[in-house]
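# Structural features, examined
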Amino acid sequence: MLNETEKAYFKALLAIKEMDYSGAAGFFRFAENQFADAPEFRILKETTELLIAVKEEIFEIENERIEIEEILSDGQETEFR
Amino acid sequence: MSRLEVLKGLESTLQGFLARAVEAEEERIDAFRCIDKLDGIARDSLRGRLVSARLGSWFSQNTNRLETDRFSKSEVTSIANLLGDIRSGLDDSDPESHKLAREIERWRGKGVVPKRKLVLKLKPRSAERDLLGLLTGFLTRGVEHLESGEFEGRHLLSILDDVLKSAAAKEDKMYIHLAGAMIYFLKMNGYKIGPFVRRLREIENERFGHINAE
């Protein structure tokens, strides 16, 4: 039977191909024990993780909402100029 | 350039890099897909499920890949091992299974041969020692040493200090064993044993080297 760690490495590559980066990161983590010393593996794993972080940051910025709070002094409307 | 623009630029660069890296591995990924599929067939076959149709379809999809030498050596070995597993579960009396068994033989003829595992076994270097006898020997001599009268009225910590000195100076391993036992006893009774453990480790390192000291 195939080695599960090796399978995970290939599944990570397939996930990248399908642009499922979170899935790929999960498979990379599973395969890490066997391939941690392989430079190619490390580059792919770390690039995927960096990409996920960048995507999260973009999501946060794009979904940032500015909340405007109007303060009324003593319940009276204030005229702003 | 805004922060968002910088991040979008970085996102596109990273995605492009990953896409190209995976593209370069396309051949290996394809081969993996084939092997993974065969692995699934082999697992099902070992569970006693009918795999004839899937195996037949697998052969027809991958014969060309084999003929054109598109499998690496390690991939060929994986396939050969999986086919070996499947072959052992095929029932030769069934015509369809018989046909598939012949196809497996044909693949073998083309070099898809399972790796033979060579297991070398070495006899034990010496007859098994009487470990229990050795342990009781150490314990008995340890008790005799402590009850020799030499340590009358002294605190156990001071006795341990003496035993450690003997362990460092004498060849007899009994002192090392006794020191270890005393340290463990003191630990169980809430004493700080750190410095004694360090001294014992140093003695062990000096006597047996680093491997045995762990």
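Our subject is the structure that appears above.
These remarks concern the structure in this document. (Residues numbered from 1 in each chain as written. Chains lettered and ligands numbered in written order. Predicted model: local features only at pLDDT ≥ 70, side-chain atom pairs only at ≥ 80, totals over all residues. Heavy atoms only, no water.)

## With respect to the overall build of chain B
Looking only at helices and strands, chain B features 10 helices and 0 strands. Counted from the first residue to the last, chain B has its helices and strands arranged as α-α-α-α-α-α-α-α-α-α. By the burial criterion, 31% of the 214 residues in chain B qualify as buried. Taking the contacts inside chain B whose residues are at least 6 apart along the sequence as the reference set, 64% of them involve residues at least 24 apart. (Helix = DSSP H or I, 4+ residues; strand = E, 2+ residues; numbered from the N terminus. Buried < 20%, exposed > 50% of the residue type's maximum accessible area, 1.4 Å probe, protein only. Contact = heavy atoms within 4.5 Å.)

## Points about the pattern of salt bridges
Under the counting rule described, the total for this entry stands at 25 salt bridges over all chains. A salt bridge links Lys7(A) to Asp39(B), with the nearest nitrogen and oxygen atoms 2.8 Å apart. Of this pair, Lys7(A) sits in helix 1 (residues 4–17) while Asp39(B) sits in helix 2 (residues 26–46), which puts the two residues in different chains. Under the relative-accessibility criterion, Lys7(A) is labelled buried at 10%. The buried category is assigned to Asp39(B), whose relative accessible area is 0%. In this structure, Asp44(B) engages Arg49(B) in a salt bridge whose closest nitrogen and oxygen atoms are separated by 3.0 Å. (Salt bridge = Lys/Arg side-chain N within 4 Å of Asp/Glu carboxyl O.)

## With respect to the interface of chain B and chain A
Taken together, the contact pairs 27 residues of chain B with 25 residues of chain A. Our enumeration of links across chain B and chain A arrives at 8 residue pairs in polar contact (both at pLDDT 80 or more). Listing elements by their share of the side of chain B that touches chain A, those giving two or more residues are helix 1 (3–24), helix 2 and helix 4 (73–88) of chain B. Here the side of chain B that touches chain A gets 12 residues from one element, more than from any other, and that element is helix 1 of chain B. In terms of residue class, the side of chain B that touches chain A is built from 14 nonpolar, 2 polar and 11 charged. (Polar contact = N/O pair within 3.5 Å; in protein donor to acceptor, adjacent residues only side chain to side chain. Nonpolar A, V, L, I, M, F, W, Y, C, P; charged D, E, K, R; others polar.)

## Quick notes on the packing of aromatic side chains
Counted according to the given criterion, the structure contains 10 aromatic pairs over all chains. Centroid distance Tyr9(A) to Phe10(A): 6.2 Å. Interplanar angle 35 degrees. Geometry classified as tilted. The exposure class assigned to Tyr9(A) is buried, which follows from its relative accessible area of 6%. A relative accessible area of 8% places Phe10(A) in the buried class. If you follow Arg65(B) out to its NZ or CZ, it ends over the ring of Phe71(B), 5.3 Å from the centre. (Phe/Tyr/Trp six-rings, centres within 6.5 Å; stacked < 30°, edge-to-face > 60°. Lys NZ or Arg CZ within 6 Å of the ring centre and 35° of its normal.)

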